[in-house]
Amino acid sequence: MDDLRRDGDDDDDVATKLVDDVAVSSISRPHSIEKASNQAIVESATDAKAENDAKAKDVKPADYLVVGVTISGPGPVKPITIEVIPPVLVSEIIQPACERPEVCYRTCFSVFVNGREVELSDIVDFNDGKEIHIIEKPYNVAEVNTHLKHVADLLHWDRRAHSSSLVNDIPMKLKKFSAPFKMTRDCLPPDWILPNQETDGVSLAHMFSDRCDVTASTSSRCVLDLWYSRWDPPPPERRIRGDLAYLVVTRLDGVAHHITATSSGFFLNKCTNTVFDPTPAESPYNSYTLIGLLSQVIPSFKKAFDRIFKMTKNADPLNLMPSSLNEDCSWINVQQPHYPGVNTRVQDNLRYCQGRSWTEEILRVKDLTPKTVQENVVKIRYLETITKEFLSFATDTAVAAVEGEISAPFLDQERKDKVYLWNNVVLSYVADIKEIFTDEGAAEAAARADFNINRLLNNLNLDKVQPFLMTLVCHRGHTVLVASVIPGFILPGDKEYSPLKSGKNESLEKFCEVLRLRPHKVQNEEGDALLMRCPSDVSGVIGSDGRLYLTNMYRMYVPDVNFLHVPRVENPFAKEEEKDDDSEFEFPVHTHKILWHRMELVEAFVESKHSEFMKAIAVGFTEAIKSKQKETGDKSYEKDADVCAEKKEEIEEEEEEKMTLVRAEDPDDHQTTPTTNQFQAVEIDGAESVDIVAKAASRVGSSCSTDFSICFNPDIYSSAKLADTEEELHKDKFMVQEVSDFLLNTILKKIVESMEQLNVVIYDGQWLSSVLHSGGVNIRYMGKLAVDIEKNSKLSYVFKIAICEMLGRSAKHILRTELQKVPESQLAMSAARFLNCVVGSCGKFPHQPRLGETLFPGSTNPSKKSKNKKQKDAVASVLKKGDPSWVSLTPTKLWKKLVEEVKAYFGYSLDDCLNVGDAVAKYGISRIGLLRRVCQFLGIQIVAKNYDFKSTTRPPFDDEDVLRFFPLVRTIHAADFDQTVLGGIWDTATKQLASGNTEVALELLVDLLPMCESVYGPFFSMTVSIHRLLAKISFSQQNVEQAIVHQRKTVLILERMQGVDDPETINAYIYLGLYCNAAGLTDVALKLLYRARYLGLVLFGNDHPSLAELDKNIGAILLGVKEFQSALAFAQNSLKIYTKFYGSDSDKVAASHHLVARVLANLGDYRSAIDEERQTLSIYSEKNPNDERVQTSSAVLNVLTHEAVRMQRQVNEMKGVESVSTKSLRV
């Protein structure tokens, strides 16, 4: 989910998962990098360049000389001096000067370097001693709007400082205990997280901290309202006299003051709410800034503003920075208070956004040729900034289009046919406008394919083919494609590009090689056979800049024959070996044919074929050597035979060790490479060696007869008229078929095997989708996965998650279409009805108002009361339409559609599931888990409170429980992190850490952190990965205090970036709790672990392998503080889960038996404790009798036996005594 928001579409790439945290000093250091760290940056960057970035290979230490720059302004403040490493962005240089408390509210200024005015986006170089002057300039209308919004933001910073994170409520300072730890009531486990809790009984009221419900007090407020006046905008006669805007400020006592904005500043005027008089007031209040004017007009303003600023300064910066996932884009939240003056409509934000040439701007930066690492970092930062700004603008524009806040050029069109052009951005609804697809699902699948191909093209940096900025936004059931305007798109000079019509597609050769597409022949309309390097229906536009921009790229993948249901073909390359018949599963027939394989699968298949190719060469050389040895009797060939045999064994070992679940390949590595060089030591004639290689290439289906090259024909199952020979087409069909078989027989089985061995643990449907995608498996194969694992007891938790995910995605397919038909006034009621039908047990719903009642509230029959005939006719026409379809929706009807959709899309049969109760009883799914996924797929946010899902008399949701609809956005990045210099430094640091050079790795990571934050910001996947690694290094070096600081920031980042209930957020809480426990903060550790367990129950329920380790840790800590009864409950639950998922002979089970034995011994139940410890000893002894743990367990067993005997003697001696006092034993 790194990125604005992770969409849940069926074949979307899931955002990269994160885990821990670090903080070295401040969360953001974009302005300067300490001189002591420069040499480490140079060394790490030099190592990284050899692997990832050839452009930065000539870096020298001299390139990193730190220079001092003096900044004066803005306003009457003292100049400051900072250190920078040139070249650097102007905006980053002036940031520390503009963030000072005394000038943070000044927004209108110009920047001069050496007497020359520069833009904030310019990149400048310095010599030592240069000065920068920030000079204030006159306002214009746009600057007044910017200044007003910035001041309003400053006045409400205290609201953003109140984070919903639990870690803000817990003091993390280390304590020096002078007395033994005392257990308080707060440290006891709350009832809602105790073991054996029913999953559907978990309350959602505890999702957030209590401080979320606290409204900002009056003492922390400066004014009630500050925004535009009712008299704004100024009339023409006042505009020519210098008035730019009219504002109004309402004091805390309710008194209103009207303000005039001019080019020279702001002054108080004589206007009232009923009288317009913009002339200056009698009191001469005026100032260049609004803050200065308000300080003069309102006596208490300055003190209140200073108090707010002090609160903001003391708050954690992570709580103030905007994140990719804010509270408005989460599926659950608390009801937030609505404040006046700071809530603007979307069109108000877009009104002052000047049109930007997004495509030209980003291509201009891409054309830069950096020579140093610092220049390369600046380039990446600039590209990332443009991309983020485009995503933000595209999201706001798409939301405005769906909500009707901006209009299309042609109002008489249907909504699906409308195309918007707004500030050099084109918006269009994803629909079958030209009727080239079979249904709307095909249109959306084609749009997703175009998006993924464009994102891949963005990382290739090809000369002849260029990408454009593009994203998909889903809001209120509508999917909107937003793309930057291609240069020359509006002008008549643009040219359409069609490879099939023009016969020219040489410019696509490099791109198609990366996608593994084979050149093939296709007949055009004239009957001529043309050599096509790409699919025949690809089109594009040649912009005014002469570059080619591709569109309609949805067939540039390898087709999936498993779902196309085409006849199978025989192997034309070799005699096909008999394979296990795995055809019991019947793949469903989809309504469209836009079905492709992911690139991860294609690359894994090519790699497998390459291993097969190399083994065939080794076998060929071995046979040739043995043949020569028989002919000549020369034993010198035995050495060559040994070389070939060793090479074959090496290839087989590498193939066994490779895991195809996650692979991040460099596209340049996929080119054809010579393979005979690996057998240069073998003395074979040239002609014979060429023949051996040719036979090996033919055996694996290589498209090149003399070397290894696996390619596919993208048009093999399209409507194009192919002109290749029958033999070539037969080979093409078999190669595509073999990829599909490889998915079923190899990849899917490896994924199941990894999950069964718990090398991969699945937490929720999104995590399962990520695992499938990383292995190259599309979501439509989830039905096949469910069939494979439904009888595997160790994967019962994965089976439940898979069923829940299929139901959630099927609900998305059905309800998105229903949402498109719902009027805006009924969105909340319809959303509540949808959720009630999905997870509720009540089949009867209260009266829902008819459409006419929502249009005319308070009137049961508005057509009779209306005196206006035209209004009567309008109302009557509306009422004739009757109720919308969602009003008649019931759980039975919806679940019937859900079962049918699961069968039609995934091929899995949910027998006898008439409602959610049947699904819970038969498959054990979680209602909360299903609710969470449906809300995420539809973009619905609900109130965090306790819901009664089992009530048969009252539905759990009403319209008051639905807070909002939030947009789902597919994210893009300007450059792949692994292909940048920063990625190279990260690789170097991890390699140094793996080699044991901890100090070197730590130094590299400390230097990499501010560079990564300055480029991507703190809310980015690799930024968090650096934090995680630094936290673990600090803990391993016994610097627990620093590890706690790092891990605390990890929790804050993950909560704000991925959500409070994300699996990685839960893991971060666990790590933080363990670090706190190691530091002696036992009470804090327990609260954090309780929080992690509660979130785990919400996410995946009580039957999950990850709860075993968590419960064991909680039980051990409770044992240490002598809460034996609570410790026993958690320890026994841990043992139960470990036994189920790891087997009764696992080391983890043995450790759990030992923990239970310790708890029972402290409770005085020595008989049971001895039985548990015997289980521990038995498991360890069977595996290795000489293991040190065998001796330890044996010693503990002897102690327990001795204490049991002693206790029995005391009981026998004290017969007749009603109670026996036992002394706790600490084992």
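Conventions we followed
Per-chain numbering applies: the sequence of each chain, read as written, is numbered from 1 onward. Two thresholds apply to this predicted model, a pLDDT of at least 70 for residue-level local features and 80 or more for giving and counting side-chain atom pairs, whereas whole-chain, interface and lining totals are computed over all residues. Neither water nor hydrogens contribute to the side-chain values; these are computed over all heavy atoms in the structure. Helix numbering and strand numbering both begin at the N terminus, where a helix is a DSSP run of H or I of at least 4 residues and a strand a DSSP run of E of at least 2. Each residue is assigned to one of three classes by its accessible area relative to the maximum for its type, calculated with a 1.4 Å probe on protein chains only: buried under 20%, partly exposed between the two thresholds, exposed over 50%. For accessible areas, the Shrake-Rupley method is used with a probe of radius 1.4 Å. Any residue's cover is judged against the shown protein chains and nothing else. Note on definitions: a residue-residue contact is assigned when non-hydrogen atoms from the two residues lie within 4.5 Å. Salt bridges are defined by distance alone: a side-chain nitrogen of Lys or Arg within 4 Å of a carboxyl oxygen of Asp or Glu. Criterion used throughout: strands pair if DSSP finds at least two bridges between them. Axis angles are defined between N-to-C directions and span 0 to 180 degrees, where every axis is a line fitted to C-alpha atoms and, for a helix, only to the segment in contact. The predictor's confidence in any single residue is recorded as pLDDT, a number from 0 to 100. Definition of nonpolar core: a set of buried residues of the types Ala, Val, Leu, Ile, Met, Phe, Trp, Tyr and Cys, connected through side-chain atoms within 4.5 Å. Aromatic rings from Phe, Tyr and Trp, taking only the six-membered ring of Trp, are treated as a pair when their centres fall within 6.5 Å; an angle between ring planes under 30 degrees marks them as stacked, one over 60 as edge-to-face, and anything in between as tilted. Ring-over charges, as used throughout, are those where CZ of Arg or NZ of Lys falls within 6 Å of the ring centre and within 35 degrees of the ring normal. Angular relationships are summarised with four words: roughly parallel below 35 degrees, roughly antiparallel beyond 145, roughly perpendicular across 65 to 115, and oblique for the angles in between. Two helices cross in a left-handed way if the nearer one is turned anticlockwise from the farther one by less than a right angle. They cross in a right-handed way if the turn is clockwise. When residues are sorted by character, Ala, Val, Leu, Ile, Met, Phe, Trp, Tyr, Cys and Pro go into the nonpolar class, Asp, Glu, Lys and Arg into the charged class, and all the rest, Gly among them, into the polar class. Helix span is expected to be 1.5 Å times the residue number reduced by one. The criterion for a disulfide is a pair of cysteine sulfur atoms lying within 2.5 Å.

Can you help me understand the overall build of the chain in this one?
For the chain, the helix and strand inventory stands at 40 helices and 26 strands. Residue burial in the chain is summarised as follows: out of 1227 residues, 55% are buried. Taken as a whole, the chain presents about 54700 Å² of accessible surface, with 49% of it coming from carbon and sulfur.

Please clarify how the environment of Leu1002 should be interpreted in this entry.
On the secondary structure map, Leu1002 appears in helix α31 (residues 998–1016). What makes Leu1002 buried here is its relative accessible area of 18%. Spatially, the C-alpha atom of Leu1002 lies 9.1 Å from that of Gln992, the residues being ten residues apart in sequence. Other than its neighbours up to four places away in sequence, Leu1002 contacts Leu1030, Ile1033 and Gln1037.

Is there a simple way to explain the pattern of salt bridges in this structure?
Opposite charge on two side chains makes pairing possible when the charged atoms of those side chains draw close. Considering all chains together, one arrives at 36 salt bridges under this definition. Across the pair Arg106 and Glu136 runs a salt bridge whose closest N-O atoms are separated by 2.3 Å. Of this pair, Arg106 sits in the loop between α2 (90–98) and β4 (109–113) while Glu136 sits in strand β7 (residues 130–136), and the two are 30 residues apart along the sequence. A salt bridge links Lys695 to Asp691, with the shortest nitrogen-to-oxygen separation between them at 3.5 Å. Within this pair, Lys695 and its partner Asp691 are both found in helix α18 (residues 686–700), separated by four residues, close to a single helical turn. Given a relative accessible area of 58%, Lys695 falls into the exposed group. Since its relative accessible area comes to 37%, Asp691 is described here as partly exposed.

For this particular structure, what's the right way to read the sheet that holds strand β18 (residues 478–484)?
Strands belonging to one sheet form pairs held by backbone hydrogen bonds; the direction of such a pair is parallel or antiparallel. Read across the sheet, five strands follow the order β14-β15-β18-β17-β26 without closing on themselves; strand pairing throughout is antiparallel. Pairing within the sheet leaves two strands with one partner each, and these edge strands are β14 (419–421) and β26 (968–969). Where β14 and strand β15 (residues 425–429) come together, three bridges link them in antiparallel fashion. For Tyr420, the partnering residue across the bridge sits in β15 and is Leu427.

Hey, could you run me through the sheet that holds strand β11 (residues 265–268) in this one?
Strand order in this open sheet of five strands is β8-β9-β10-β11-β12, and the pairing throughout is antiparallel. The sheet terminates laterally at β8 (225–228) and β12 (286–287), the two strands that pair on one side only. Here strand β10 (residues 256–262) runs beside β11; their pairing, made up of four bridges, is antiparallel. When the bridges of β11 are listed, Thr260 appears paired with Phe267. Helix α3 (residues 141–155) contacts β8, β9 (245–250), β10 and β11 of the sheet and is inclined by roughly 165° relative to β8.

Looking at this model, I keep getting lost on unusual backbone geometry. Mind explaining?
Only a minority of non-glycine residues have a phi that is not negative, and only a minority of peptide bonds are not trans. Cis geometry marks the peptide bond from Asp232 to Pro233; its omega dihedral reads 5°. The topology assignment puts Pro233 in the loop between β8 and α5 (236–239). The phi dihedral of Asn423 falls on the positive side, at around 50°, and the residue is not glycine. Within the element layout of this structure, Asn423 appears in the loop between β14 and β15. Even without being glycine, His565 reaches a positive phi, approximately 60°. Within the secondary structure layout, His565 lies in the loop between α15 (561–564) and α16 (599–632).

Just checking my understanding: could you explain the confidence of the model for the chain for this structure?
Scored by pLDDT, the chain comes out at a mean of 78, with 76% of its residues at no less than 70. Note on residues 213–219: pLDDT under 50 across the span, and nine contacts to partners over four residues away in sequence or across chains.

Before we go on, may I ask you to explain the nonpolar core in this structure?
Nonpolar side chains in soluble globular proteins tend to be buried together. Within the largest apolar cluster, 195 residues are counted, with the highest numbers of intra-cluster contacts made by Met207, Ile762, Leu768, Leu930, Leu931 and Ile942. Setting aside residues no more than four positions away along its own chain, Leu768 makes contact with Met755, Ile762, Met782, Leu785, Val798, Ile801 and Ala802. Of all hydrophobic cores here, the second largest spans 39 residues; its members include Phe390, Leu391, Ala394 and Met470.

Sorry if this is basic, but what is going on with the packing of aromatic side chains here?
How two aromatic rings sit relative to each other is given by the distance of their centres and the angle of their planes. Counted under the stated rule, the structure contains 30 aromatic pairs. On the basis of an interplanar angle of 80° and a centroid distance of 5.1 Å, the ring pair of Phe585 and Phe587 is categorised as edge-to-face. The exposure class of Phe585 is buried, given its relative accessible area of 10%. Ring geometry for Tyr797 against Phe1141: centres 5.4 Å apart, planes inclined by 90°, an arrangement best described as edge-to-face. Pair noted here: Tyr797 is in helix α22 (residues 796–820) and Phe1141 is in helix α37 (residues 1124–1142), with a separation of 344 residues, a long-range link. Assessed through its relative accessible area of 2%, Tyr797 is described here as buried. For Phe1141, a relative accessible area of 2% corresponds to the buried category. Cation over ring: Arg230 sits above Trp231, and NZ or CZ is 5.4 Å from the ring centre. Sitting above the plane of the Phe563 ring, Arg780 keeps its charged end 5.4 Å from the centroid.

Explanation requested: the environment of Val1149 in the structure shown.
Note that Val1149 resides in helix α38 (residues 1147–1163). On the accessibility criterion, Val1149 (1% relative accessible area) is buried. With 41 residues separating them in the primary sequence, Val1149 and Ala1108 have C-alpha atoms 9.8 Å apart. Residues contacting Val1149, with those up to four places away along its chain left out, are Leu1135, Tyr1138, Thr1139, Gly1143, Ser1144 and Ile1179.

Honestly, the packing of helix α33 (residues 1040–1058) against helix α34 (residues 1063–1078) in this entry has me stumped. Any pointers?
Helices that pack against each other are described as a pair by the angle of their axes relative to one another and the distance between those axes. Where α33 meets α34, the closest approach of the two axes is 9 Å, and the angle between their N-to-C directions is 160°. Between α33 and α34, the angle falls in the class roughly antiparallel. Like other packed secondary-structure pairs, α33 and α34 cross with a definite hand, here left-handed. The residues of α34 that touch α33, namely those facing Val1040, Ala1043, Ile1044, Gln1047, Arg1048, Thr1050, Val1051, Leu1054, Glu1055 and Gln1058, are Glu1064, Thr1065, Ala1068, Tyr1069, Tyr1071, Leu1072, Tyr1075, Cys1076 and Ala1078. Split into classes, the residues belonging to the contact of α33 with α34 amount to twelve nonpolar, four polar and three charged.

Is there a simple way to explain helix α23 (residues 827–839) in this structure?
A turn of α-helix holds 3.6 residues, and therefore any two residues three or four places apart point the same way. The terminal C-alpha atoms of α23 lie 18 Å apart, and with 13 residues this matches the ideal 18 Å at 1.5 Å per residue to within 8%. In terms of burial, α23 is largely enclosed, as twelve of its 13 residues are buried. Of the residues making up α23, those classed as buried are Leu827, Met829, Ser830, Ala831, Ala832, Arg833, Phe834, Leu835, Asn836, Cys837, Val838 and Val839.

Looking at this model, I keep getting lost on the side chain of Ser740. Mind explaining?
If you trace the backbone, Ser740 turns up in helix α19 (residues 726–756). Its relative accessible area of 0% is what places Ser740 among the buried residues. Apart from the residues lying within four places of it in its own chain, the contact partners of Ser740 are Pro559, Asp560, Val561, Asn562 and His597.

How should the state of the cysteines be read in this particular structure?
By definition, a disulfide links the sulfur atoms of two cysteine residues through a covalent bond. All chains considered together, the criterion is met by zero disulfides. Here Cys534 is not disulfide-linked; the sulfur of Cys512 is the nearest cysteine sulfur, at 5.1 Å. Residue Cys534 is classed as buried on the basis of its relative accessible area, which comes to 0%.

How do you make sense of the environment of Gly1096 when you look at a structure like this?
As for its placement among the helices and strands, Gly1096 is situated in helix α35 (residues 1082–1100). Measuring from C-alpha to C-alpha, the distance between Gly1096 and Asp1062 comes to 9.2 Å, with 34 residues separating the pair along the chain.

Honestly, helix α39 (residues 1166–1183) in this entry has me stumped. Any pointers?
Spanning 18 residues, α39 covers 26 Å between terminal C-alpha atoms, matching the ideal 26 Å at 1.5 Å per step. Considered for burial, the residues of α39 that qualify are Tyr1166, Ala1169, Ile1170, Glu1172, Glu1173, Thr1176, Leu1177, Ile1179 and Tyr1180. Where α39 is buried, its residues meet α37, α38 and α40 (1188–1213).

Help me understand the packing of α23 against helix α29 (residues 927–938) in this model?
Between α23 and α29, the least distance of the axes is 10 Å, while the angle of their chain directions is 145°. Here α23 and α29 pass one another in a crossing that is right-handed. Residue-level contacts link Leu835, Val838 and Val839 of α23 to Arg927, Leu930, Leu931, Val934 and Cys935 of α29. Counted by class, the contact of α23 with α29 contains seven nonpolar, no polar and one charged residues.

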